[in-house]
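Analysis of the macromolecular model
What follows is each chain in one-letter form.
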Amino acid sequence: MKAIPYEDREEIRELTHRAALYGDTKQIDKCLSLYASDGVLDESCVGMPIAHGTDQMRGFMTHPAADAVKYMTHFVTNHIISSYDGKIATGMAYVWFSSVNADGHRMEIRGYYDDVYAKINGRWRIKHRVLHNLVPPIGTPDAAPVEHNVHSLHFQDIP
């Protein structure tokens, strides 16, 4: 792997943190600005539809089910960048998500994002993000079973 300049490493890491912050505070436009316009957001492991492009992502983030969420937090940690060529990078980051709806329904997800990042107009953006569960989620009736499909992870190639 090509050495990652400190500035790029930090911009990619902060990108994942900003996506969590803007999502949690429902700053939809700011959150969507962090994704490539043709990006993919796949949270199908918890029963959500796969969103292709920022228009579908906006629909996902403004759906009535999303509006029902009163409080939410995404804790993004253990970020690893596994490949980098200056224009495209891959990586993963743990995520611990917790939410409470207005009716008191709680949901918790503990897993990781499998990401592809692209440098677009001089800025790093999320190009493709897939959520994977590490433990069974709480409060998500449509969640898929937990499968540790490590052969599909980008970070498997880390020396």
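Located above this text is the structure these notes cover.
Residues numbered from 1 in each chain as written. Predicted model: local features only at pLDDT ≥ 70, side-chain atom pairs only at ≥ 80, totals over all residues. Heavy atoms only, no water.

1. Topic: the nonpolar core
- If you look at the biggest cluster of nonpolar residues, it comprises 21 residues, and the most contacted ones within it are Ala89, Tyr117 and Trp124.
- Of all the secondary-structure elements, those providing two or more residues to this core are helix H1 (6-24), helix H2 (28-32), strand S1 (35-42), helix H3 (53-62), strand S3 (69-84) and strand S6 (123-133).
- Sort the elements by how many residues they give to this core and H1 lands first, with 4 residues.
- Apart from residues no more than four positions distant in its own chain, alanine 89 is found in contact with Ile12, Ile81, Ser83, Tyr84, Asp115, Val116, Tyr117 and Trp124.
- In terms of nonpolar packing, the next biggest core, distinct from the first, is built from 12 residues, Ala20, Cys45, Ile109 and Leu131 among them. (Core = buried A, V, L, I, M, F, W, Y, C linked by side-chain atoms within 4.5 Å. Buried < 20%, exposed > 50% of the residue type's maximum accessible area, 1.4 Å probe, protein only. Helix = DSSP H or I, 4+ residues; strand = E, 2+ residues; numbered from the N terminus. Contact = heavy atoms within 4.5 Å.)

2. Topic: the pattern of salt bridges
- A complete count under the given rule lists 8 salt bridges for this structure.
- Salt-bridge contacts for aspartate 8 lead to lysine 119; the nearest nitrogen and oxygen are separated by 3.1 Å. Within this pair, whereas aspartate 8 is found in helix H1, its partner lysine 119 is found in strand S5 (residues 106-120), the two being separated by 111 residues in sequence.
- The partner of glutamate 108 in a salt bridge is arginine 110, and the shortest N-O contact between them spans 3.2 Å. (Salt bridge = Lys/Arg side-chain N within 4 Å of Asp/Glu carboxyl O.)

3. Some thoughts on H1
- Along its 19 residues, H1 runs 27 Å from first to last C-alpha, staying within 8% of the 27 Å computed at 1.5 Å per residue.
- Taken as a whole, H1 has its buried residues at Asp8, Glu11, Ile12, Leu15, Thr16, Ala19, Ala20, Tyr22, Gly23 and Asp24.
- Of the surrounding secondary structure, the elements contacted by the buried residues of H1 are H2, S3, strand S4 (88-101), S5 and S6.
- Backbone geometry just after H1 places lysine 26 at a positive phi near 55°. (Expected span 1.5 Å × (residues − 1).)

4. Quick notes on the packing of aromatic side chains
- Inspection of every chain in the model, using the stated rule, returns 1 aromatic pair.
- Each ring, one from tyrosine 84 and one from tryptophan 124, has its centre 6.0 Å from the other, and the planes form 40°; the classification is tilted. Of the two residues, tyrosine 84 sits in strand S3 while tryptophan 124 sits in strand S6, which places them 40 residues apart along the sequence. Across this residue pair, the class does not change: tyrosine 84 and tryptophan 124 are buried.
- Above the ring of tryptophan 96, the side-chain terminus of arginine 110 is found at 5.6 Å from the ring centroid.
- Positioned above the aromatic ring of tyrosine 113, the side-chain terminus of arginine 129 is 3.8 Å from the ring centre. (Phe/Tyr/Trp six-rings, centres within 6.5 Å; stacked < 30°, edge-to-face > 60°. Lys NZ or Arg CZ within 6 Å of the ring centre and 35° of its normal.)

5. Let's talk about the sheet that holds S6
- Judged by pairing direction, the sheet is mixed, and its 6 strands sit side by side in the order S2-S1-S6-S5-S4-S3 without closing on themselves. In this open sheet, the two edge strands, each paired with only one partner strand, are strand S2 (51-52) and S3.
- One ladder, built from 4 bridges, connects S1 with S6; its direction is parallel. The partner of leucine 41 across the bridge, within S6, is arginine 129.
- Contacting S3, S4, S5 and S6, H1 crosses the sheet at an angle of about 165° to S3.
- The strands touched by H3 are S1 and S2; relative to S1, the strand with the most contacts, the crossing angle is about 50°. (Pairing = 2+ DSSP bridges. Axes fitted to C-alpha atoms, helices over the stretch in contact; angles between N-to-C directions.)

Everything listed here is a matter of coordinates, which is why it stays silent on function.
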